[in-house]
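Report on the structure
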Amino acid sequence: MKTIRKISAVSLLCLTLFTVVTVSCTEENEPPTTQEIQNNSHQTAKTQFITVKGNAIAYRVLGKEDGVPLVLLPGLGGSMDDWDPAVTDGLAKKYKVIIFDNKGVASSKGTTPNTVQAMADDAIDFIKALHYTKVNIMGFSMGGFIAQRIVLTNPSLINKVILTGTGPQGAIGLSNLPNIIAGTAGLSPEASFLKFGFTESAQSIAEGKASFARVQLRTTDRDLPLSDATSNSQFTAVLSWAQPNAEALTEIQKIKNPVLIVHGENDLPVSVQNAKNMAQHLDHAELVIFPDSGHASFYQYHDTFVGKAIEFLGK
């Protein structure tokens with residue numbers, strides 16, 4: 001059954017779809033004990049490393065130590081420190097939340113692949129390396145592309161899926177990404193963050209500035225910046241995903257897991273029509289559209305989003 005609800009109320013390639021440019025300082029850490037991990041927040045969770053097929057993959061565990069974990073997949077250019085703590089800490093009050101850098105990204109070693117499918121395969125390898133047999137996943141933007149491929153590739157590994165600011169292969173408007181990025185040339189990190197993620201209304205801008213400030217709060221053990229090679233590979237993968245695919249919506253009909261789709265009414269890089277199209281082609285989808293919001297609608301409406309996500313995961 002489908003439920004659709006609208007809630008009222010490098011160079012250029014290094015400019016990413018939705019990421020925050022900050023000064024990073026990361027050091028190698030010994031894996032923390034279970035006691036140290038338990039109830040850790042976005043601010044304090046220590047960076048751990050696990051070897052996956054010969055590469056050290058960086059990750060952090062937030063919140064609870066038991067239960068089915070929720071693995072987060074960031075957008076283009078995003079690392080562990082580009083998540084809004086209002087979202088990660090909000091989710092971690094109820095669930096174990098795992099944030100990580102996929103192969104070659106930020107603090108993780110290896111070569112970043114240039115296809116979404118290969119990124120999905122790497123994420124599956126990471127989850128299995130942690131010895132999980134069932135997880136929930138949440139993907140933002142490019143992370144949502146990866147999440148779709150994960151559940152299509154290994155459906156038995158996945159319990160539930162949350163997709164935010166994303167779309168199917170051939171997503172409407174996504175091929176215009178290079179022009180959108182070109183339009184941010186010369187903008188400050190905060191201004192670029194606001195342009196990609198929020199609208200021009202006073203309310204949305206205020207929420208965007210608050211979100212940007214929260215992302216800056218972690219000052220020790222911050223993640224490393226992405227390399228030019230990784231940025232180029234991710235950009236190539238996203239532009240490939242943007243190419244028209246007549247079978248894309250038919251293929252996602254194979255997804256039988258419950259899916260929560262969250263989108264901003266005025267998403268600039270990924271049109272809201274993509275979310276509507278996905279919801280119409282999934283058997284167990286719930287669609288939430290936030291008004292007067294852009295690509296980062298779930299940051300703007302973080303309290304409402306966290307409540308909806310917790311409700312969805314708890315069903």
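Right above here is the structure, for reference.
In this report, we go over the structure that sits alongside the text.

Summing up its helical and strand segments, the protein has 12 helices and 9 strands in all. Taken over 315 residues, the protein has a buried fraction of 56%. Accessible surface for the protein amounts to roughly 12,400 Å². Of this, 53% is attributable to carbon and sulfur atoms.

Right, let's get into helix α10 (residues 272–280). Of the residues making up α10, those classed as buried are Val-272, Asn-274, Ala-275, Asn-277, Met-278 and Ala-279. Those residues of α10 hidden inside the fold are in contact with α4 (142–153), β7 (158–164), α9 (248–251), β8 (259–264) and β9 (285–290).

Before going further, it helps to spend a moment on the nonpolar core. Ranked by internal contacts, the top residues of the largest apolar core, which has 55 residues, are Phe-126, Ile-137, Ile-150 and Ile-261. Top contributing element to this core by residue count: helix α3 (residues 116–129), with 8 residues. Those residues in contact with Phe-126 that sit more than four places away from it in its chain are Ile-50, Val-52, Ile-57, Tyr-59, Ile-98 and Phe-100. With 33 residues, the next largest nonpolar core counts Ala-58, Val-97, Phe-193 and Leu-313 among its residues.

Its 14 residues place the ends of helix α8 (residues 228–241) 20 Å apart at the C-alpha level, agreeing with the 20 Å of an ideal helix rising 1.5 Å per residue. Of the positions making up α8, those classed as buried are Thr-230, Ser-231, Ser-233, Gln-234, Phe-235, Ala-237, Val-238 and Trp-241. Elements in contact with the buried residues of α8: α3, α4 and α5 (177–182).

Before going further, it helps to spend a moment on the pattern of salt bridges. In this structure the tally under the stated criterion is 12 salt bridges. Linking Arg-218 and Asp-81 is a salt bridge whose minimum nitrogen-to-oxygen distance equals 4.0 Å. In this pair, Arg-218 is assigned in the loop between α7 (202–215) and α8 and Asp-81 in the loop between β4 (70–73) and α2 (85–92), connecting sequence segments 137 residues apart. The class of Arg-218 is buried, set by a relative accessible area of 3%. In this structure, Glu-286 and Lys-308 form a salt bridge, with 2.9 Å as the shortest nitrogen-oxygen distance. You can see Glu-286 sitting in strand β9 and its partner Lys-308 sitting in helix α12 (residues 302–314), a full 22 residues away along the chain. For Lys-308, a relative accessible area of 8% corresponds to the buried category. Connected via shared salt-bridge partners are Arg-60, Asp-81, Arg-218 and Asp-221.

Right, let's get into the packing of aromatic side chains. A complete count under the given rule lists 10 aromatic pairs for this structure. Relative to Phe-126, the ring of Tyr-59 lies with its centre 5.7 Å away and its plane at 65°, an arrangement referred to as edge-to-face. Here the residue Tyr-59 occupies a position in strand β3 (residues 55–63), and Phe-126 occupies one in helix α3, the gap between them amounting to 67 residues. Tyr-59 sits in the buried class, given a relative accessible area of 9%. Given the relative accessible area of 1%, Phe-126 is considered buried. Between Phe-100 and Phe-126, the aromatic rings sit 4.3 Å apart at their centres with planes inclined by 10°, giving stacked as the arrangement. On the criterion of sequence distance, the pair formed by Phe-100 in strand β5 (residues 96–100) and Phe-126 in helix α3 is long-range, its members being 26 residues apart. Here the two residues Phe-100 and Phe-126 agree in accessibility, since each one is buried. Ring-pair connections join several aromatic residues into one group, and the members of that group are Phe-140, Phe-298, Tyr-299 and Phe-305. Across from the ring centre of Phe-312, 5.3 Å away, lies the NZ or CZ of Lys-160, which sits over that ring.

Reading the values: the criteria
- Residues numbered from 1 in each chain as written.
- Predicted model: local features only at pLDDT ≥ 70, side-chain atom pairs only at ≥ 80, totals over all residues.
- Heavy atoms only, no water.
- Helix = DSSP H or I, 4+ residues; strand = E, 2+ residues; numbered from the N terminus.
- Buried < 20%, exposed > 50% of the residue type's maximum accessible area, 1.4 Å probe, protein only.
- Areas by Shrake-Rupley, 256 points an atom, 1.4 Å probe, with all protein chains shown as cover.
- Contact = heavy atoms within 4.5 Å.
- Core = buried A, V, L, I, M, F, W, Y, C linked by side-chain atoms within 4.5 Å.
- Expected span 1.5 Å × (residues − 1).
- Salt bridge = Lys/Arg side-chain N within 4 Å of Asp/Glu carboxyl O.
- Phe/Tyr/Trp six-rings, centres within 6.5 Å; stacked < 30°, edge-to-face > 60°.
- Lys NZ or Arg CZ within 6 Å of the ring centre and 35° of its normal.

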